[in-house]
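Residues per chain are reported as follows:
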Amino acid sequence: MHLKGCENVNRREHGPPTFLNHRNSPIVNTGINKGSMEVNMWAISVTLFVIIAGSIDELHTLQQAVGYLPGLTIPLQPIGFPGVYSQRGVETVSLVPFIFGDPAIITSNIDVAKQFLAGSTKSSFGKPEPRKLAPIAFWGISLFVSDGDAWKRHRRVVGPSFSNKLYELVWSEVVRTYSEMVVAEGFEDKKVVEIPAVQSLTTKLAFLIIGRCGFGFPFSWAEPIRATGSKMAFPQAIRVYMRHLLLLYLPSCVRSIPLSVFSEFNASVTEIRSFMEHKIREKQKEVKSNRGQQLGNDIFSVLVQANDAEADPKLKLDDSEVISNVFTMLFAGHETTAHTMAATIACLAKDQIYQQEVFEQIQCIVGNAREPTFEDYSKLDKVQASFYESLRLFPTGYLSIREAHHDTLLHIPDTNGEGRITTIHVAKGTQVLVDNIGINYNPRYFEDPQEFKPSRWHGITNESESYYAFGFGKGHFHFDEIFTPNCGMSIGPRACIGRKFAMSEAVCLLTMLLRDWKIEPLLQDNETVDAWYGKLFSDAHSLVTLAIANVSIRLVRRAP
């Protein structure tokens, strides 16, 4: 059963193969007699029948796995088309691949999403097997890919790293790094600065912050670092790795083929692993020689100390697990934050009225006589609101992936207000996907979902779980009543552990930037602001995270 309009529209009638009717066809002069030819055609027909029957049976099995839920028959799964099906007026559909991949259910309905995401450790749905999360699980088991008791073990060691001392460190480092950037990029004496792609700055800043505050690495704006004897700088290795992430889905023997793309990728992996192992050994020695002393407030130092202090050997993380957690936070911590900061800058450049409101709040709270401090964070609610509304419009974590751990039932409410609920059987191993884009643009949850309206976030307590993980379109609700994932940070015990790290970083940078500069779109000849803004959507791309197109802006220095 399929959605109307989802079937193949390119169907056509085929006549017999042309070579059977062509006089000059080689088959005419082969000397094969009519009887032999009939036998061959009979054999071909039987073979085709067996193949088709097997395909139909396989398709039936896949449809059975998703409870015969109406949906899309597609060539491959997973695929990256969130939001497409919701344009047809449905919110929960099946994805049944006929060439490759596992069947899945994808939803933009919050009541269905709650069944996937908000369960306890006894929930029927959990993280997929690590092998299905190749780009992250490649480094080993981490907090991100683990589930059940393994997740509890990782959370026990990693959790203490995230505290207010860390967020204070993040804030002070952003202030310092912003000043470094202004000097190194030559902004100091300029009244106007044109930036073709603001991501070049947000990505570098986010990488430096996660490196300094996450792991105590001695990164600076002007000087890249590398492992001893390495030919590739560590930041370059990270960029190469992320550019070629899809290669991880290939067998290792294929990646060993002596092609330049594989060689470059393998070199980046070697550099990352060498650098991480070197830093872990250094930190472990430091911990052993300074037992009982706090080595630092960065994530890495606290993590290694907490792991070293763990009394139960079964709960300790081995070096590969430490590396995996470090890399996951390094990757997620700078990639997602950088994209969202760029999106926020773009949205404020378009909405000059709200940008002025934010500037006035910054002037009122911080002024020009001092630098902003972490104590200002909770008061800068309009800066926070602009960041969260940008996350809603451009959710970097556009899909939340879970998997049925055993045969179970899924309850799907209708959307026409009649209150009916359809219950379907979901087979063990079926993937379930929460489409954060579809939810964020669902007019049932957000009025005028295409519009940038930071006021949606006014009045929501910035320390609440709902504020960090979910947006609310038509009022304010407790988590138990309604929730809307807007950025892939998830909720409950599996909520993104680095959410306040990202918020502290973004709010500080935006405060510094908006205090000093007015942000304007950098338009091409005859380009309108609406056309400039529209490109951010139309040219957005996704791999592991969703990234908008290059944001070209003009910074105009504000009067002191």
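K.L.:
So, the overall build of the protein: which residues are in play, and what are the values?
P.N.:
If you tally the helices and strands in the protein, you get 17 helices and 13 strands. For the protein, with 560 residues in total, the buried portion stands at 50%. A sequence separation of at least 24 residues applies to 71% of the contacts in the protein between residues at least 6 apart.

K.L.:
Could you give an account of the nonpolar core, naming the residues involved and the relevant values?
P.N.:
In terms of nonpolar packing, the biggest core is built from 108 residues, with Phe 234, Tyr 241, Ile 272, Phe 501 and Ile 553 touching the most fellow members. Here this core takes 15 residues from helix 11 (residues 319-350), the largest share from any one element. Residues Val 112, Phe 125, Leu 410 and Val 426 belong to the second largest nonpolar core, which totals 18 residues.

K.L.:
A description of the pairing of strand 9 (residues 431-435) should follow, citing residues and the corresponding values.
P.N.:
With 5 of its 5 residues buried, strand 9 lies for the most part within the structure. Side chains Gln 431, Leu 433 and Asp 435 project from strand 9 onto one buried face, and the interleaved Val 432 and Val 434 project onto a second face that is buried too. Judged from the 4 bridges that link them, strand 3 (residues 104-107) and strand 9 form a sheet pairing that is parallel. Following the sheet pairing, Ile 105 is matched in strand 9 by Val 432.

K.L.:
Give me the environment of Leu 303: which residues, what numbers.
P.N.:
Looking at the element boundaries, Leu 303 is found in helix 10 (residues 299-309). For the pair Leu 303 and Val 322, spaced 19 residues apart in sequence, the C-alpha to C-alpha distance is 8.3 Å.

K.L.:
Kindly report on the sheet that holds strand 13 (residues 553-557), identifying the contributing residues and their values.
P.N.:
Read from one edge of the open sheet, 3 strands run 5-13-10, paired in antiparallel fashion. With partners counted over all chains shown, the strands left at the sheet margins are strand 5 (192-195) and strand 10 (517-521), one partner each. Across the sheet, the axes of successive neighbouring strands diverge by a mean angle of 20°, strand direction being ignored.

K.L.:
I'd like a description of the pairing of strand 6 (residues 399-404), backed by residues and values.
P.N.:
For strand 4 (residues 125-126) and strand 6, the ladder comprises 2 bridges, and the chain directions are antiparallel. By the bridge assignment, Gly 126 is partnered in strand 6 with Glu 403. Here 5 bridges tie strand 6 to strand 9, and the two strands are oriented antiparallel to one another. Bridge pairing links Ile 401 to Leu 433 in strand 9.

K.L.:
Provide a residue-level description of empty space enclosed by the protein, including the pertinent values.
P.N.:
The final tally for this structure, using the stated rule, is 1 cavity of 30 Å³ or more. By volume, the largest cavity is sized at about 110 Å³. What lines the largest cavity is a set of 14 residues, among which Met 181, Val 198, Leu 201, Leu 509 and Leu 513 lie closest to the centre. For the lining of the largest cavity, the secondary structure elements donating two or more residues are helix 5 (164-184), helix 6 (199-215), helix 16 (499-516) and strand 13. Tallying contributions element by element places helix 6 first for the lining of the largest cavity, with 3 residues. Across the lining of the largest cavity, the residue classes tally to 13 nonpolar, 1 polar and no charged.

K.L.:
Could you give an account of the packing of helix 12 (residues 352-365) against helix 13 (residues 381-393), with specific residues and numbers?
P.N.:
Taken N-terminus to C-terminus, the directions of helix 12 and helix 13 make an angle of 145°; their axes are 8 Å apart at the nearest point. Here helix 12 contributes Tyr 354, Glu 357, Val 358, Gln 361 and Ile 362 to the contact with helix 13, which in turn contributes Asp 381, Lys 382, Val 383, Ala 385 and Ser 386. The residue inventory of the contact of helix 12 with helix 13, partitioned by class, reads 5 nonpolar, 2 polar and 3 charged.

K.L.:
Run through the packing of aromatic side chains, naming residues and quoting values.
P.N.:
Tallied over the entire structure, the rule returns 9 aromatic pairs. Relative to Phe 452, the ring of Tyr 354 has its centre 6.3 Å away and its plane inclined at 85°; by these criteria the two rings are edge-to-face. Here the residue Tyr 354 occupies a position in helix 12, and Phe 452 occupies one in the loop between helix 14 (436-440) and helix 15 (465-469), the gap between them amounting to 98 residues. The residues Tyr 354 and Phe 452 share a single accessibility class, namely buried. When the ring of Tyr 388 is compared with that of Trp 457, the centres are 5.1 Å apart and the planes differ by 40°; the resulting orientation is tilted. In this pair, Tyr 388 sits in helix 13 while Trp 457 sits in the loop between helix 14 and helix 15, placing the two residues 69 residues apart along the sequence.

K.L.:
Describe the pattern of salt bridges, listing the residues and the values that go with them.
P.N.:
A full pass over the atoms with the stated rule returns 22 salt bridges. Here Arg 456 makes a salt bridge to Glu 389, at a shortest N to O gap of 2.9 Å. Of this pair, Arg 456 sits in the loop between helix 14 and helix 15 while Glu 389 sits in helix 13; the two residues are 67 residues apart in sequence, bridging distant segments of the chain. Residues Arg 456 and Glu 389 agree in their burial class; the two are buried.

K.L.:
For helix 9 (residues 260-289), give the residues involved together with the corresponding values.
P.N.:
Residues spaced three or four apart along an α-helix face the same direction, because each turn holds 3.6 residues. For helix 9, spanning 30 residues, the distance from its first C-alpha to its last is 44 Å, which sits close to the expected 44 Å at 1.5 Å a residue. Listed as buried for helix 9 are Phe 262, Phe 265, Ser 268, Val 269, Glu 271, Ile 272, Phe 275, Met 276, Lys 279, Ile 280, Lys 283 and Val 287.

K.L.:
Describe the packing of helix 9 against helix 10, with residues and values.
P.N.:
Between helix 9 and helix 10, the least distance of the axes is 10 Å, while the angle of their chain directions is 60°. Looking at the two axes, helix 9 sits oblique to helix 10. The hand of the helix 9/helix 10 crossing is right-handed. Along its contact with helix 9, which presents Lys 279, Ile 280, Lys 283, Gln 284 and Val 287, the element helix 10 presents Phe 300, Ser 301, Val 304, Gln 305 and Asp 308.

K.L.:
Kindly report on the confidence of the model for the protein, identifying the contributing residues and their values.
P.N.:
Per-residue confidence for the protein gives a mean pLDDT of 77, with 72% of residues at or over 70. Within the model, the stretch residues 1-32 combines pLDDT values under 50 with 23 contacts to residues more than four positions away or in other chains. Within the model, pLDDT remains below 50 along residues 464-488, and this stretch shows 89 contacts once partners closer than five positions in the same chain are excluded.

K.L.:
Would you mind going over unusual backbone geometry in detail, with residue names and values included?
P.N.:
One non-glycine residue, Asp 448, lies in positive phi territory at about 50°. Topologically, Asp 448 is positioned in the loop between helix 14 and helix 15. Its relative accessible area of 43% is what places Asp 448 among the partly exposed residues. Non-glycine residue Asn 526 carries a positive phi angle of around 65°. Assessed through its relative accessible area of 81%, Asn 526 is described here as exposed.

Rules behind the numbers
- Residues numbered from 1 in each chain as written.
- Predicted model: local features only at pLDDT ≥ 70, side-chain atom pairs only at ≥ 80, totals over all residues.
- Heavy atoms only, no water.
- Helix = DSSP H or I, 4+ residues; strand = E, 2+ residues; numbered from the N terminus.
- Buried < 20%, exposed > 50% of the residue type's maximum accessible area, 1.4 Å probe, protein only.
- Contact = heavy atoms within 4.5 Å.
- Core = buried A, V, L, I, M, F, W, Y, C linked by side-chain atoms within 4.5 Å.
- Pairing = 2+ DSSP bridges.
- Axes fitted to C-alpha atoms, helices over the stretch in contact; angles between N-to-C directions.
- 1 Å grid on protein atoms, 1.4 Å probe; cavity = no way out; pocket = protein on both sides within 12 Å on 5 of 7 lines; lining within 4 Å.
- Points joined across faces, edges and corners; volume = space filled by probe spheres on them.
- Nonpolar A, V, L, I, M, F, W, Y, C, P; charged D, E, K, R; others polar.
- Phe/Tyr/Trp six-rings, centres within 6.5 Å; stacked < 30°, edge-to-face > 60°.
- Salt bridge = Lys/Arg side-chain N within 4 Å of Asp/Glu carboxyl O.
- Expected span 1.5 Å × (residues − 1).
- Parallel < 35°, antiparallel > 145°, perpendicular 65-115°, else oblique.
- Left-handed = near helix turned anticlockwise from the far one by under 90°.
- pLDDT = per-residue confidence, 0-100.

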